[in-house]
Amino acid sequence: MTYIKPIFRHPLLPKNKVGFTKKDYEGAISTLCAGCGHDSISAAIIQACFEMSVEPHKLAKISGIGCSSKTPTYFLGNSHGFNSVHGRMPSVTTGANMANRDLIYLGVSGDGDTASIGMGQFVHAVRRNVNMVYIVMNNGCYGLTKGQDSATADFGSISKASKTPSPFQGIDLVGLAMEMGATFVARSFSGDKSQLVPLIKAGMSHPGFAFIDCISPCVTFNNNKGSTKSYSYVRAHNEATSLLDFVPEEKEITMEYEEGASKEVVLHDGSVLLLKKLAPEWDPSDRLSAFSKVQEAKASGEILTGLLYIDLESKELHDLFGTTDTPLNTLREKELCPGSEALEVINAGRR
Amino acid sequence: MRPTNIQEPEYFHKVVDCQHACPAHTPVPEYIRLIAAERYAEAYMINWESNVFPGILGRTCDRPCEPACRRGRVEEKPVAICRLKRVAADNKGDVKQYMPKGPFKPNGKKIALIGGGPASLTVARDLAPLGYEIHLYDEWYKGGGMMRTQIPSFRLPEEVLDEEVGYVIGLGIHTHFKHRVESMKEEILAKGYDAVFVGTGAPKGRDLKLPGREEAGKNVHIGVEFLANVAFEHIHKIGKKVIVLGGGNTAMDCCRTSRRIGGEDVKVIVRSPFKDMKASPWEIEDAQAEDIPILNNMPPKEYVIKDGKLAGMIFGKVRAEYDENGKRKLIPTGEPDEFVEADDVIIAIGQDNYFPWIERDLGIEFGKWDMPVLHKTTYQSTNPKVFFGGDAAFGPANIITAAAHGHQAAVSIHLFLQGKDVLADRPAPKTNLLRQKMGIHEWMYDNDVAPDKRYKVAHTDKRKALKNRKVEVELGFTTEEAFKEAERCLNCDVQTVFNTSRCIECDACVDICPTSCITFTTNGDEADLRTRLSAPALNTSQDLYVSDLLPATKRVMVKDEDVCLHCGLCAERCPTAAWDMQKYLYSVTKAGAVL
């Protein structure tokens, strides 16, 4: 019986800049079904945080309800965490972010948590450009309640529970996020860490709402023939916009690519997202071009993955509000209540 | 890389590091699990089948298994395999009922075994149940060979030795004790044996001829002779001040024996640096614990005689230098020589083989250093009737190696006497893979990896131990300690078996593996692959397990066997049972079924 991971790790595990190994970013052993895509996404988050040398106490992971929202137990065991009410992760994160802008916010949600009960919360977090990474572990079904079709189940997709093709149009979260003015939109696949890890890293570097819709097959209820979110279907229909490489600020870019075959996207903090083998007619910093490419792919039944859109001029919620650089939760009475003399001055100015 | 062929018996055998390193290939994890289950008699019998002397080896083995143990690569120390073996022997109860019982139906063939040590006894054990008439010759009055003459009783009690030698002799062996064979031709070959096995060891201790050696006379002892004389109670006493020359296990036995028969100021003096000493680290530790200093980098120069009697020795001072090939040179430091007082000196600087009793006109060819010319697998000499094993074959090694030789020589003799080819007709090792799955999280083995550090074995109080050379120093694990130590075993024989056609590449195994052993990547040659894995794969002595090409992504699964904990999490997290945990039992080729 194994519900405990052995304490031993590879003796040659590398350390990152802040002196941690990957083990320091792990959480408890997963209780999800064996082979669940969510576990791979957890591993990608661990990998990304390790590679970014994030100090665990400077990150907060916040989730709602569902299989997806259980996962924060399984990664970053040394970070802050809040498992909120169903669909309310965006609001709780917004609140936390307002109180302490110094943390990295990692919101984890599922297709039910985002596209059904939490839809209203989601769109407002997008339009407010809350500085967070928002990952949807999207498996197109309600795994925790025996696999009924969710709102993101594609039209015509068959799951093990429904047994019949879905009669409804699935909600395309990527299109919705773009429509709502999201400043960083990506889609990925749990089975492709070489793409997912750089996207999470880029998302953490992006000032504002970084949305990653990650297709994550439900092995138990939605990995069957006829499903559009199974491992084999996604592998067969995955059209990557580009190969990705995330280059931190201090590293030099040494690889050279043919002109037109690659594009460097310089992120706000100076780090670079290198997009290789780029689809030629497409520019990820142009909202219109991204939008039409996403629609084209949808029409042709392809699943477009990679970084789809990025607004390099993004201003996050604190910038829009013009709040102080000091986290609000550290402001004490002295700063918040400058005294009657200061009040007199303000009042005098209003007279 | 080409896909790994797991049908090849040696592939999974190599993964079981302890078993692979054991010259007799004892199935270590198998008997350790039985010890944990308190099934001591079965654990003992598995050992008895493989190495014939579990109680003896559980106290005295050189333990090649322990440095190989995978546990030593993931934490500080390996499993105390040797001491667990002793637990099986200590708690086994009556095992005679499980052993082959004579009289066996004679097959009409007669075999002579020269020397009564571990190699000959192993041949006897393997061949007696097959109906051979076996004649064992030894110069002493009891069997056991060097196990009796060279291993002191405080490490190996006589009862344990007598018991295990007795199991073999009890199979109906015709013993010719107190019979030192002086002529192969007249005493053995002339008697018309169908085959002859020579297991006479490396009985000759080296002397050290330096100025004063003649005059020092009886106060200078040869290590192995000294130990034999103490064992057979020809020597009861030694001087108060003793110097032991040499850095091997015999030197450790000599100095510790001296402490028990009158030696108060006993020193071991070695010409090489401490780290180059040949003795096992635990033997050195035990000697040091008995207040025996070890002086290094001091080559002996001469015996000092005063008033016609040995007074001590003069030593030079050196330091070691190593060239690029690691070859050592001892360079004098220029410091003045040192005089060390001594009433007695014991020389334990090596042993040699001794074959003047084998005439050179018998078709038995001798080569370099007057060693017999043998086939490395069959142990057959150039006279097809005559086989060698143990230290007599390739020079001094250890008991477990002698047992391994004995098994293989027995196979050869059995084939030879059936008129078969000793090499071409040799049977392959027996192997077996058995699924361990019982439920989603349940296996037939305990896959939880215990975090405990290695447990220490308790010793007898030093004052008590030094008073009597027959008091055993190590007390052995209690059954409670043995259970805890057994739980440290990683069950490396429970193999991770990968089935490419079932894999859906969900990455669950990669994500869960605690020691980052598994990678899915594009194929390449080995040197290239080793640089592209989840964790550095720098230990090239450990294989990479490579799958067939995965159809969906054209990648391969690569598993670095090096630090796999055999925890089974890859198989537990695999949704399609592409990974499975299967117990691999590898049984070395033997002459016949023993059990």
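Residues numbered from 1 in each chain as written. Chains lettered and ligands numbered in written order. Predicted model: local features only at pLDDT ≥ 70, side-chain atom pairs only at ≥ 80, totals over all residues. Heavy atoms only, no water.

Draft legend 1. Summary view of the environment of C82(B). Residue and element names in this part refer to chain B. With respect to the helices and strands, the residue C82 is situated in helix α8 (residues 81-90). Judged by relative accessible area, C82 falls into the buried class, the value being 2%. Considered as a pair, C82 and G145 are 63 residues apart in the sequence and their alpha carbons are 21 Å apart. If we ignore the near neighbours within four places in the chain, the residues touching C82 are L57, G58, R59, C61, R63 and E66. (Helix = DSSP H or I, 4+ residues; strand = E, 2+ residues; numbered from the N terminus. Buried < 20%, exposed > 50% of the residue type's maximum accessible area, 1.4 Å probe, protein only. Contact = heavy atoms within 4.5 Å.)

Draft legend 2. Inspection of the pattern of salt bridges at higher detail. Residues and elements named next belong to chain B. This model, assessed by the stated rule, comprises 69 salt bridges over all chains. Close ionic contact of R555 with E505 constitutes a salt bridge, the shortest N to O distance being 2.8 Å. Taken together, the residues span a long stretch of sequence, with R555 in the loop between β23 (544-546) and β24 (556-560) and E505 in the loop between β21 (494-498) and α21 (508-512) at a distance of 50 residues. With relative accessibility at 18%, the residue R555 sits in the buried group. Take E505: its relative accessible area is 2%, and that puts it in the buried class. (Salt bridge = Lys/Arg side-chain N within 4 Å of Asp/Glu carboxyl O.)

Draft legend 3. Representation of the domain arrangement of chain B in the model. Residues and elements named next belong to chain B. For chain B, the assigned domains read domain 1 (100-203 + 353-417) and domain 2 (205-350). For domain 1 and domain 2, the distance between their C-alpha centroids amounts to 32 Å. Across the boundary between the two partners, domain 1 contributes 9 residues, which contact 11 residues of domain 2. Interface area lost by domain 1 to domain 2 is led by Q150, F154 and R155, which between them contribute 51%. Between the two partners, domain 1 and domain 2, sit 2 salt bridges. Linking E283 and R155 is a salt bridge whose minimum nitrogen-to-oxygen distance equals 3.0 Å. The interface formed by domain 1 and domain 2 includes 3 residue pairs in polar contact (both at pLDDT 80 or more). A class-by-class count of the residues in the side of domain 1 that touches domain 2 yields 5 nonpolar, 2 polar and 2 charged. (Domains from an automatic or database assignment. Buried area = accessible area lost by both parts, 1.4 Å probe. Polar contact = N/O pair within 3.5 Å; in protein donor to acceptor, adjacent residues only side chain to side chain. Nonpolar A, V, L, I, M, F, W, Y, C, P; charged D, E, K, R; others polar.)

Draft legend 4. Spatial organisation of the sheet that holds strand β10 (residues 300-306) of chain B. All names here are of chain B. Spatially, 3 strands are ordered β10-β11-β14 in an open sheet, and the strand pairing comes out antiparallel. The outermost strands of the open sheet, each flanked by one partner alone, are β10 and β14 (338-341). This sheet shows a mean twist of 30° between the axes of neighbouring strands, independent of strand direction. With 4 bridges connecting them, strand β11 (residues 309-315) and β14 associate as antiparallel partners. Residue pairing across strands places G312 opposite E341, the latter belonging to β14. (Pairing = 2+ DSSP bridges. Axes fitted to C-alpha atoms, helices over the stretch in contact; angles between N-to-C directions.)

Draft legend 5. Fine view of unusual backbone geometry. Cis geometry is found at the peptide bond from G102(B) to P103(B), where omega equals -5°. Topologically, P103(B) is positioned in the loop between α8 and β1 (110-114). At L76(A), a residue that is not glycine, the phi angle is positive and equals roughly 45°. We classify L76(A) as buried; its relative accessible area is 2%. One non-glycine residue, N491(B), lies in positive phi territory at about 55°. Among the residues examined, N491(B) registers a relative accessible area of 6% and is labelled buried.

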